[in-house]
Amino acid sequence: MRKLLIMLLAVCSMTVGAQEKEKEKKPLTINLPQWVKDIKLSGYGMLQYQGKDQEDAHENTFQLRLARLSLDGKVGQFQWKVQMQINGNTSTLGASPRLIDLWAEWQPRDYFRVKAGEFKRPFTLENPMHPITQGFMSYSQPISKLAGMSDRTGEHPSNGRDIGVQIQGDFLKNAAGRNLLHYQVGVFNGEGINTKDADNRKDIIGGLWVMPIEGMRIGVFGWTGSSVINGVSTPKNRYALSADYVTASDWTFRTEYIHSQGYGANAAAGDKADGFYALCIAPVIAKKLHVKARYDLYRDRKDWDTSKTFYEIGADYVFNKYVLLNIEYARVNDRSLEKHGYNMVDVELDFKF
């Protein structure tokens, strides 16, 4: 009996020892809450070569167009985002890096979402698009001049963003469960990013579009507010007519007309401006190789003497989902110059993670 007890104790001790060693081999695990697991770090950079033969303003340069780094996530019914931008080609590097996005959106239903913070103005179809996937060497002139990027009002460059509150949603589902209507409307300071309201008058911006078939949007947008120019508050009223269509076979069509009433940074330029663009991106190899063309017109006084037109053709090659190469040629007709016409070449290598 004594020998049997000794043997049992030995077996037990060996078993316990083996279990302890097994525990030591197992890695320490920490159970993180879901909202922490949902946080995503992403970013991208845009490297650029640009040349032009404009009289008395020749250019032939490599440059760092921009780099961005962002965090986004979701907590219950709330989605949030923080994004920073660094410009590599600005003459005032003190303005870079800078915060361009800081917002949270409550999303209780598809047809009702509330966003607050600093984010894209709900004006035009192109303005909210990613700089890489919008398709060309830059946003079109009407978007740049009349949506708050390099605005004719003299507002500091704001990447089409402002500080405010917005509601938006999609509704009216068809038999296939796809929404046919989208609306969005917001109240903003009217001064661009990282800036308090200068005249205590708010900008109201909104849009409505229909989606009659998969991939198509036809919309209208409106914007009323004010701009502070040389310490004086002046009215600002704009509207846009827009349409785009992205097919299942990888074709893209997009066009918009924008009209603006309200004096710009230079009052002598008058209180009306407008612009129009139309583009097509056609697949040679779907999702891989494309050719493209764009007509891009902007009139700073809504007359032909101040018109500037880009006639663009180009191609892009998608190496993978992280790297894209763009090549473009543009013939420019700028009637504000003594010699109207000149040529431009743009090459961009874009990467993201």
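The preceding data block contains the structure.
First, a word on scope: everything that follows refers to the structure included in this document. Residue positions are given per chain, counting from 1 as you read along its sequence in written order. A pLDDT threshold of at least 70 governs which residues receive local features in this predicted model, and a stricter bar of 80 or more applies before side-chain atom pairs are shown or counted, although totals over entire chains, interfaces and linings include all residues. As a rule here, side-chain values cover all heavy atoms of the structure and leave hydrogens and water aside.

### With respect to the overall build of the chain
Turning to step 1, where the next piece is worked out: By definition, any uninterrupted DSSP run of H or I lasting at least four residues is a helix, any uninterrupted run of E lasting at least two residues is a strand, and each is numbered from the N terminus. Counting its secondary structure elements, the chain contains three helices and 16 strands.
Turning to step 2, where the next piece is worked out: Out of the 353 residues in the chain, the part that is buried amounts to 41%.
Turning to step 3, where the next piece is worked out: Residue contacts are counted whenever heavy atoms from the two residues lie within 4.5 Å of one another. Long-range contacts, defined as pairs at least 24 residues apart, comprise 52% of the intrachain contacts of the chain with a sequence gap of at least 6.
Turning to step 4, where the next piece is worked out: Roughly 19100 Å² of accessible area belongs to the chain as shown, and the carbon and sulfur atoms make up 63% of that amount. Buried means the residue's accessible area, taken with a 1.4 Å probe over protein chains only, is under 20% of the maximum for its type, while exposed means over 50%, and partly exposed covers the values in between. Each accessible area value is a Shrake-Rupley result obtained with a 1.4 Å probe; residue values ignore everything except the protein chains displayed when judging cover.

### So, the packing of aromatic side chains
Turning to step 1, where the next piece is worked out: For this analysis, a ring pair means two rings from Phe, Tyr or Trp (six-membered ring only for Trp) whose centres lie within 6.5 Å, classed as stacked if their planes differ by under 30 degrees, edge-to-face if by over 60, and tilted for the remaining angles. Scanning the entire structure with this criterion turns up twelve aromatic pairs.
Turning to step 2, where the next piece is worked out: Between Tyr-317 and Phe-319, the ring centres sit 5.0 Å apart and the planes meet at 85°, which makes this aromatic pair edge-to-face.
Turning to step 3, where the next piece is worked out: Judged by relative accessible area, Tyr-317 falls into the partly exposed class, the value being 33%.
Turning to step 4, where the next piece is worked out: According to the relative accessible area criterion, Phe-319 is partly exposed, its value standing at 42%.
Turning to step 5, where the next piece is worked out: An aromatic cluster is built from Phe-123, Trp-209, Phe-221 and Trp-223, whose rings are joined through pairwise contacts.
Turning to step 6, where the next piece is worked out: When the ring centre of Phe-136 is taken as origin, the NZ or CZ atom of Lys-292, which lies over that ring, is 5.3 Å away.
Turning to step 7, where the next piece is worked out: The ring of Trp-304 is capped by Arg-299, whose NZ or CZ atom sits 4.7 Å from the centre of that ring. Two limits define a charge over a ring: the Lys NZ or Arg CZ must be within 6 Å of the ring centre, and within 35 degrees of the ring normal.

### Regarding the nonpolar core
Turning to step 1, where the next piece is worked out: Core analysis: the biggest nonpolar cluster contains 23 residues, and Phe-123, Ile-143, Phe-221 and Ile-258 have the highest contact counts within it.
Turning to step 2, where the next piece is worked out: Listed by contribution, the elements that provide at least two residues to this core are helix H3 (141-146), strand S8 (203-210), strand S9 (216-229) and strand S12 (272-285).
Turning to step 3, where the next piece is worked out: Looking at which element gives the most residues to this core, the answer is S12, with four residues.
Turning to step 4, where the next piece is worked out: Setting aside its immediate chain neighbours within four residues, Ile-258 contacts Phe-123, Thr-124, Pro-142, Ile-143, Leu-146, Tyr-239, Ala-240, Ala-273, Asp-274 and Gly-275. Note on terminology: a nonpolar core comprises buried Ala, Val, Leu, Ile, Met, Phe, Trp, Tyr and Cys residues joined through side-chain atoms within 4.5 Å.

### Comments concerning the pairing of strand S15 (residues 323-334)
Turning to step 1, where the next piece is worked out: Of the two faces of S15, the one lined by Leu-324, Asn-326, Glu-328, Ala-330, Val-332 and Asp-334 is fully buried and the one lined by Val-323, Leu-325, Ile-327, Tyr-329, Arg-331 and Asn-333 carries no buried residue.
Turning to step 2, where the next piece is worked out: Note: two strands are recorded as paired if DSSP finds a minimum of 2 bridges between them. When strand S14 (residues 307-320) meets S15, the two strands line up antiparallel, connected through twelve bridges. Following the sheet pairing, Ile-313 is matched in S15 by Tyr-329.
Turning to step 3, where the next piece is worked out: Hairpin connection, S14 to S15: the antiparallel pair is bridged by two residues.
Turning to step 4, where the next piece is worked out: In this structure, S15 lies alongside strand S16 (residues 341-352), joined through eleven bridges in antiparallel fashion. Following the sheet pairing, Val-332 is matched in S16 by Tyr-342.
Turning to step 5, where the next piece is worked out: A loop of six residues connects S15 with S16, the two strands running antiparallel in sequence.

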